[in-house]
There are 2 protein chains.
Amino acid sequence: MTDEAWKIPDIAVAVDLAVLTVRSGALQVMLIERGIEPHLGMLALPGGFLSDVDESLDAAAERELTEETGLDTTGLHLEQLHTYGAPNRDPRRRVVTVCYLAFVPGLASPTAGGDARAAAWVPTAIALDPRTELAFDHRQIIEDAVERARSKIEYTTLAAAFCAPEFTVTDLRQVYEIVWGEALDPRNFHRKVTGVEGFLVATGGQTTRQGGRPAALYRRGPAHLLHPAMLRPPAPKPDSSRTS
Amino acid sequence: MTDEAWKIPDIAVAVDLAVLTVRSGALQVMLIERGIEPHLGMLALPGGFLSDVDESLDAAAERELTEETGLDTTGLHLEQLHTYGAPNRDPRRRVVTVCYLAFVPGLASPTAGGDARAAAWVPTAIALDPRTELAFDHRQIIEDAVERARSKIEYTTLAAAFCAPEFTVTDLRQVYEIVWGEALDPRNFHRKVTGVEGFLVATGGQTTRQGGRPAALYRRGPAHLLHPAMLRPPAPKPDSSRTS
DNA sequence: TCAAAAGTGTTTATGATACACCCATGT
DNA sequence: ACATGGGTGTATCATAAACACTTTTGA
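Residues numbered from 1 in each chain as written. Chains lettered and ligands numbered in written order. Predicted model: local features only at pLDDT ≥ 70, side-chain atom pairs only at ≥ 80, totals over all residues. Heavy atoms only, no water.

- As annotated in an unreviewed UniProt entry, chain A carries the name NUDIX domain-containing protein and comes from Saccharothrix hoggarensis.

Laid out in structure tokens, this is it:
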């Protein structure tokens with residue numbers, strides 16, 4: 001039997017995870033502080049090598065997340081983001097990493113473990129700040145993950161999952177504003193989300209407020225896809241036409 | 001220095017290519033007939049293992065395509081589709097394959113080479129027919145690739161690239177109909193594509209026809225993205241309400 | 001003059017945006 | 001009364017779908 005194994009070079013396969021959430025009014029990403037070389041002590045995404053030839057990529061992603069952050073991954077929805085394999089992205093050897101995105105609410109605070117010296121939620125504004133140093137090509141990965149998360153809430157009902165079990169339309173709008181980094185018109189937003197079938201279910205309850213009309217409370221409806229999709233306001237062009 | 005190389009299992013990294021085009025009025029995919037085990041003689045996507053630790057994933061994809069099909073890959077736009085890594089997708093050993101999609105016009109007929117015994121364009125209707133046997137998980141990959149190609153022409157001007165340098169609106173519409181497998185209203189389609197800025201540029205020429213009004217000829221315009229996007233007709237629900 | 005294919009006009013419906021305005025509560 | 005935020009009404013615009021109709025050619 002012909003075999004071509006002779007020409008297969010020694011390449012390691014890793015998985016990395018961009019776990020995003022909305023916490024404390026900010027889009028945050030789970031980062032670890034590396035406890036091993038290379039990039040010892042630097043911030044990085046949780047991840048690591050496939051540990052067993054019989055481990056699926058998805059399973060490896062879940063395992064690494066649990067190992068390094070202590071987060072419970074049962075029922076966690078992971079989706080492949082991209083595979084990064086530039087020849088020199090890891091100084092030790094050739095590593096191809098399959099990256100996963102998890103964009104999920106309600107995760108606990110992490111507990112460092114495995115090869116991670118520390119683990120914490122970090123606002124993406126800080127993680128992507130030019131002054132923040134990140135290991136490997138993880139800055140690029142986080143940028144890709146944020147963009148994917150932004151587009152996911154355009155056509156799914158996922159944003160509602162970041163609200164409390166009972167929430168107001170304003171709570172939901174703030175999730176969109178945080179993730180997109182754009183202000184939305186509260187009135188049009190209200191009409192839109194209450195008009196989409198299966199998105200919100202009124203509970204009949206109302207908020208008690210300090211000043212202002214009480215808001216109706218809603219629970220998540222059965223829909224997972226949004227029809228029609230929520231539209232992100234177009235990024236305003238740099239204004240080069242000021243005459244005065 | 002701490003190292004964790006001891007726990008890195010022996011995994012091969014491959015690239016596979018789903019090369020799609022529109023030829024002879026059909027959406028077609030480039031398939032090879034395998035010249036080596038496993039699945040000797042079976043239809044498969046072109047692809048193979050990374051051959052060198054310094055070869056990027058993109059470069060490996062181009063190399064494999066040229067080796068197995070003889071196609072010229074200069075200027076070819078490849079985009080990552082997905083990474084498939086189920087533990088038993090290859091009977092020999094653990095293989096993680098990074099799949100690329102190329103959806104491009106004007107490719108020549110292939111010439112088999114490398115590990116391919118034959119190479120040919122195959123209509124996707126045949127490739128995905130239940131009676132067609134495909135190696136590994138390549139049926140799934142082709143399905144994913146077709147879906148991606150279908151959505152790409154919704155929001156890009158790529159479809160026009162499958163027409164001759166000068167083409168009519170009907171030529172362009174037929175590309176959409178072939179890729180989507182749906183009939184479109186010629187009149188609304190005409191208004192739509194001629195109304196999108198930068199999509200089509202009238203050359204002033206006309207077709208000579210056998211019966212029927214001559215059609216205006218167009219060239220591709222400078223736009224790459226479509227605003228607003230072309231809408232795929234919604235898949236009709238199975239009609240369970242026929243009463244007569 | 002007729003068939004065939006190209007292209008235009010018109011109607012109707014949907015949805016986005018902007019924003020005026022009213023509603024319900026705490027102070 | 002009034003500030004505060006919740007929620008509705010409405011005009012205007014952009015686009016999509018359906019389809020009647022006109023235009024331009026070859027036979």
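And the narrative resumes.
1. Some thoughts on the protein's contact with DNA strand C
Part 1 of the reasoning: The immediate surroundings of DNA strand C are formed by 24 residues, with Asn188 and Lys192 of chain A together with Thr170, Gly212 and Ala216 of chain B found nearest.
Part 2 of the reasoning: With respect to DNA strand C, the side chain of Arg187 of chain A contributes an N or O atom lying 3.4 Å from a base nitrogen.
Part 3 of the reasoning: In this structure, a base nitrogen belonging to DNA strand C sits 3.1 Å away from a side-chain N or O atom of Arg191 of chain A.
Part 4 of the reasoning: Counting only elements with at least two residues in the surface near DNA strand C, the list comes to helix 5 (186-195) of chain A together with helix 5 (186-195) of chain B.
Part 5 of the reasoning: When the residues that make up the surface near DNA strand C are grouped by side-chain class, the tally is seven nonpolar, seven polar and 10 charged. (Near = heavy atom within 4 Å. Polar contact = N/O pair within 3.5 Å; in protein donor to acceptor, adjacent residues only side chain to side chain. Helix = DSSP H or I, 4+ residues; strand = E, 2+ residues; numbered from the N terminus. Nonpolar A, V, L, I, M, F, W, Y, C, P; charged D, E, K, R; others polar.)

2. Section: the interface of chain A and chain B
Part 1 of the reasoning: The partner chain B presents 34 residues to the 34 residues of chain A that form the contact.
Part 2 of the reasoning: At the junction of chain A with chain B, the criterion picks out zero salt bridges.
Part 3 of the reasoning: Linking chain A with chain B are seven residue pairs in polar contact (both at pLDDT 80 or more), by the criterion used here.
Part 4 of the reasoning: Contributing elements (two or more residues each) for the side of chain A that touches chain B: strand 1 (12-23), strand 5 (79-84) and strand 6 (95-103) of chain A.
Part 5 of the reasoning: Ranked by residue count, the leading element in the side of chain A that touches chain B is strand 5 of chain A, at four residues.
Part 6 of the reasoning: Each residue belonging to the side of chain A that touches chain B can be placed in one class, and the counts come to 15 nonpolar, seven polar and 12 charged. (Contact = heavy atoms within 4.5 Å. Salt bridge = Lys/Arg side-chain N within 4 Å of Asp/Glu carboxyl O.)

3. Regarding the protein's contact with DNA strand D
Part 1 of the reasoning: The environment of DNA strand D is made up of 26 residues, and the closest members are Thr170, Gly212, Arg213 and Ala216 of chain A together with Lys192 of chain B.
Part 2 of the reasoning: Per the 4 Å cut-off to the protein, sugar and phosphate atoms form 56% of the nearby atoms of DNA strand D.
Part 3 of the reasoning: One nitrogen or oxygen atom from the main chain of Ala216 of chain A is found 2.7 Å from a phosphate oxygen belonging to DNA strand D.
Part 4 of the reasoning: Within the side chain of Arg187 of chain B, a nitrogen or oxygen atom sits 3.4 Å from a base nitrogen of DNA strand D.
Part 5 of the reasoning: Counting only elements with at least two residues in the surface near DNA strand D, the list comes to helix 5 of chain A together with helix 5 of chain B.
Part 6 of the reasoning: Tallying contributions element by element places helix 5 of chain B first for the surface near DNA strand D, with four residues.

4. Looking at the packing of aromatic side chains
All names here are of chain A.
Part 1 of the reasoning: By the definition in use, this model includes six aromatic pairs over all chains.
Part 2 of the reasoning: Centroid distance Tyr176 to Trp180: 5.1 Å. Interplanar angle 70°. Geometry classified as edge-to-face. Note that Tyr176 and Trp180 are positioned in helix 4 (residues 169-180) at a spacing of four residues, about one turn of the helix.
Part 3 of the reasoning: With relative accessibility at 0%, the residue Tyr176 sits in the buried group.
Part 4 of the reasoning: On the basis of relative accessibility, which here comes to 5%, the residue Trp180 falls in the buried class.
Part 5 of the reasoning: In this structure an aromatic cluster arises from ring pairing among Tyr176, Trp180 and Phe189. (Phe/Tyr/Trp six-rings, centres within 6.5 Å; stacked < 30°, edge-to-face > 60°. Buried < 20%, exposed > 50% of the residue type's maximum accessible area, 1.4 Å probe, protein only.)

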